[in-house]
Amino acid sequence: MGMREAGKAATAPESVTTESRLARAVLIALAVLFLAIFLILPVLVVFSEALAKGFSFYLTTFKDADAQAAIRLTLIVAAIAVPLNTLFGIAASWAIAKFEFPGKSLLTTLIDLPFSISPVISGMIYVLLFGAQGYFGPWLTAHGVQIIFALPGIVLATVFVTFPFVARELIPLMQEQGSADEEAALTLGASGFQAFLTITLPNIAWGLLYGVLLCNARAMGEFGAVSVVSGHISGLTNTIPLQVELLYNDYNFAAAFAMASLLTLLALVTLAAKTLLEMRYGDSLATSSRL
Amino acid sequence: MRIRVVDIAKDFGRTGALRGANLDIRDSELIALLGPSGSGKTTLLRVIAGLEIPKSGKVFFDDHDATAVPVQQRRIGFVFQNYALFKHMTVIDNIAYGLRVLPGAQRPSKTLIRNRAEELLKLVQLSGLGKRYPRQLSGGQQQRVALARALAVEPRVLLLDEPFGALDAKVRKDLRRWLRELHDCTGHTTVFVTHDQDEALELADRVAILNLGKVEQVGKPDEVYDNPGSAFVMSFVGDTSSLPVEFDGTRLLHEGQPLNATFGAVRGGRCRLYVRPRDIVLSVPGADRLPATIVSIHRTAAGRRAQIAVGRAATIIEAEIDIAAEITSGEPIGLSFAKGRVFPE
Amino acid sequence: MLRFRQQSVLPGFGIAFGFSLFYLSLIVLLPLAALVAEAAGLGLTGIWNIAVEPRVLAALRTSFGLAFLAAVADLFVGFLIAWVLTRYQFPGRKLLDAVIDLPFALPTAVAGIALATLYAPNGWIGAILAHIGVKIAFTPAGIFVALVFVALPFTVRPVQPLISEIDRSLEEVSATLGASRWQTIRYVIMPMLSPALLTGFALAFARSVSEYGSVIFIAGNLPYVSEIAPVLIVIKLQEFDYRGATAIALIMLALAFAALLAINLAQAMRRRRYGHA
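To start, this report covers the structure provided alongside it. Since we're looking at a predicted model, the values are computed, not measured.

1. A short note on the nonpolar core
Grouped together as the largest cluster of nonpolar side chains are 228 residues, with contacts concentrated most on Ile111(A), Leu44(B), Ile81(C), Tyr119(C) and Ile233(C). Among the domains, domain 1 (14-50) and domain 2 (55-289) of chain A are the pair contributing at least three residues each to this core. Apart from residues no more than four positions distant in its own chain, Leu44(B) is found in contact with Val5(B), Leu18(B), Ala21(B), Leu23(B), Leu33(B), Leu210(B) and Val215(B). Core analysis: the next-biggest nonpolar cluster, separate from the first, contains 44 residues, Ile113(B), Ala152(B), Leu158(B) and Phe164(B) among them.

In structure tokens:
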């Protein structure tokens, strides 16, 4: 091509499988601009608004009894929901990845179901079951048990919404790892439990951690489903996201964003951990490119 | 240890089903399970190991029925196809694993375990690499670690699934020889699965050929090569061409033209004649020879091969010809066969 | 049961499978059964009567219409971003790649108040737009912005691995046959990516339809104008109108599943024509 193309050299791509330098610059600029405006600006605004009235006001937000109650409730809910779903995730992925049984793909589909259901509907189904006019409502009232507008309802809704996270992370990982390592351990005399503990767990450790992190972030930040079952009693049944809503609707913006900044930090930490894990253990997390 | 496999059936293993497989493995022998993919050879190995539970049939270790013995208690050493080394453990920890998981009372002391592992590392010629992780080793080295790990539990039998499958040609040859030496000095009963006939013939004392979930023939390499018991064995082990023939009770005929011998044919009717390339004799056309035409000639590493169209149907067969022979494509010739075997169609 | 276990020498199937099934039934299946039971009580006419209430109809139109528009927007933006992040090397690329998951990780209520503040007439972006007479917050446009935000990762993530797996020699072949770079992208690359693009679109659409938290703060929630279906469900529940809430929920689920089914069918037809892609 030499001579004929010489004049174009400044803008011509270095190879036939990429675009010209100008086109690349424009495309990169567009992508960066969009991400900056749409994704990064909202995060900045959270911290900017939270600190709008100064750092000492920011700190006083968390001294409020209702705020502390909301933080405590959020921690309690996550402390129940995350271990339950982790246990389930390990059990389900063990059964699905290591064994053959009829109805396996149905089970896998059902596990993903909560992902495709609107958070509001996820909360609603528990109201239908346990609400004052729900199927078990009268019985629960007669026995003095409260589920909706109380801790159990909030936990149930959170468990439902975060149900698939750990399982979804582990199933493809364990399927791809196969059973050869565990079988090797068995031929060397290990019991089934020893094989699980010394071989399976270390093999899935990073994927498991990743799933737990995602599950936890979602459990602490869930809004729609919890909003439906909580009853919005400040100091009692408000989690952090609900407290954010309450403060915001009371035009108490600085406090609302201060509470929101906690969840934003959690999200950022989760993302950072995910990125680190992918960089260091990418080969054992990514389901496509492993040895 | 002697192993007997009796009438094993297995619906669907990972690689292939078994339909009544029988095999008698002698003490201290090195035996190859050879067959195409899906023939059930890996399934059979896994049944012996206790990794698959057969639907019916029995496995005997010496005279004990081992069918129901769990894999942990069979005392077998198993080398997996892709080695299944534990990625999160060092080489030495991989080798020591089988000793560490022993119940408290039987478990040797930490120093003993370490010494034993070091010893094995030396045996597989990897001294000094104990602190490395599996991914830091080459394929051949990983293979030897897998073997050392299997030997650590002092197995009564060594089972290897496609042990050289993932290695390149040169390493494969070295490892084969090394495995043979190792077998000769440790004297373990050793069973390995392969789809490579050269590997089986070169390495094994005896070869068991599997097809469609059954053991078709077991014998020394010479036996299975020179006296194949079935058309399948003949064509799977070594190059083979075949011709449709008919047996009229006394003579073997191809398109009505009698052949120079009957090649063991007994039952009348349509059958096929199987011949090795070097057993095909080329000469000028004549009454006692099959009319044929040379289609093409090509050079191989060792000699020359000719593609020959036989008779009216122009069935293509392959013959080995002398380097010096003056033959050209398109030339009409006469064929006869020095050796061959007839099997029913 | 015994038949299953024969498949593997690994232990623990019974307990793992049993626990999974029990937990799944308790947490997911039983509550969903309540939904079905409630719907059965309503009957088809009952559901229909609620569906054609003008306010419900308007909310459904808002939800599905804006979700569709947002998914279309994300389809284009997502492809652009996936392409840039996968194909080009530039400083900050890794950071941007990590940021893509932000809408997934950030709680929806936080996103909601942040977006509402940004796009309010006195907000950073809202003030600029107010100059040229554009109003985003508290209008349907605000809902659109929120949905584009929450659904973005769903159109980027499925496409990225496919872009990196493209066999460069296909692009080179196209070039040797005289195609311009744009023609190569249009006729060679895009068709290879289309299943992933379609999957991304479907996921983004499904997510947008069901979104609640990030929308309610910026939407204004004006009946007939900027009220989405999930908001109406919440209102009905607050009025203890379980049947009304159930009907709207069912219509949403049915429409969403119909849309996903249509996309899956399109994928299946495509696969039949082009083989595994």
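And the narrative resumes.
2. Here we look at the interface of chain B and chain A
Facing 21 residues of chain B, the contacting portion of chain A comprises 22 residues. Inspection of the chain B/chain A interface yields one salt bridge. One salt bridge in this structure joins Arg46(B) and Glu183(A), with 2.7 Å as the shortest N-O distance. Inspection of the region where chain B meets chain A yields five residue pairs in polar contact (both at pLDDT 80 or more). Of all the secondary-structure elements, those providing two or more residues to the side of chain B that touches chain A are strand S6 (76-79), helix H2 (91-100) and helix H4 (139-152) of chain B. Of the residues assigned to the side of chain B that touches chain A, the class counts are 13 nonpolar, three polar and five charged.

3. A word on the interface of chain C and chain A
Chain C puts 85 residues into the contact, and the matching count from chain A is 89 residues. One salt bridge in this structure joins Glu19(A) and Arg181(C), with 2.5 Å as the shortest N-O distance. The interface formed by chain C and chain A holds 10 residue pairs in polar contact (both at pLDDT 80 or more) in total. At 18 residues, the largest contribution of residues to the side of chain C that touches chain A is made by helix H2 (residues 13-51) of chain C. Partitioned by chemical class, the residues of the side of chain C that touches chain A number 66 nonpolar, nine polar and 10 charged.

4. Quick notes on the sheet that holds strand S18 (residues 315-321) of chain B
All names here are of chain B. The sheet built from five strands is open, its strands ordered S15-S19-S16-S17-S18 with antiparallel pairing. With partners counted over all chains shown, the strands left at the sheet margins are strand S15 (280-283) and S18, one partner each. Each neighbouring strand pair of the sheet contributes to a mean axis angle of 45 degrees, computed without reference to strand direction.

5. Remarks on the side chain of Gln307(B)
You can see Gln307(B) is positioned in strand S17 (residues 304-310). Note on Gln307(B): relative accessible area 18%, which makes it buried.

6. Observations regarding the sheet that holds strand S2 (residues 18-25) of chain B
All names here are of chain B. A sheet is described by the order of its strands in space; here four strands give the open sequence S2-S1-S4-S5, paired in antiparallel fashion. Here the strands that pair on one side only, and so sit at the sheet edges, are S2 and strand S5 (64-65). Two strands pair when backbone bridges link them, and strand S4 (residues 56-61) and S5 are joined in this way by two bridges, in the antiparallel orientation. Its bridge partner being in S5, Phe60 is matched across the sheet by Asp65. Across the face of the sheet, helix H1 (residues 41-49) comes into contact with strand S1 (3-10), S2 and S4 while running at roughly 65 degrees to S2.

Scoring rules and cut-offs
- Residues numbered from 1 in each chain as written.
- Chains lettered and ligands numbered in written order.
- Predicted model: local features only at pLDDT ≥ 70, side-chain atom pairs only at ≥ 80, totals over all residues.
- Heavy atoms only, no water.
- Core = buried A, V, L, I, M, F, W, Y, C linked by side-chain atoms within 4.5 Å.
- Buried < 20%, exposed > 50% of the residue type's maximum accessible area, 1.4 Å probe, protein only.
- Domains from an automatic or database assignment.
- Contact = heavy atoms within 4.5 Å.
- Salt bridge = Lys/Arg side-chain N within 4 Å of Asp/Glu carboxyl O.
- Polar contact = N/O pair within 3.5 Å; in protein donor to acceptor, adjacent residues only side chain to side chain.
- Helix = DSSP H or I, 4+ residues; strand = E, 2+ residues; numbered from the N terminus.
- Nonpolar A, V, L, I, M, F, W, Y, C, P; charged D, E, K, R; others polar.
- Pairing = 2+ DSSP bridges.
- Axes fitted to C-alpha atoms, helices over the stretch in contact; angles between N-to-C directions.

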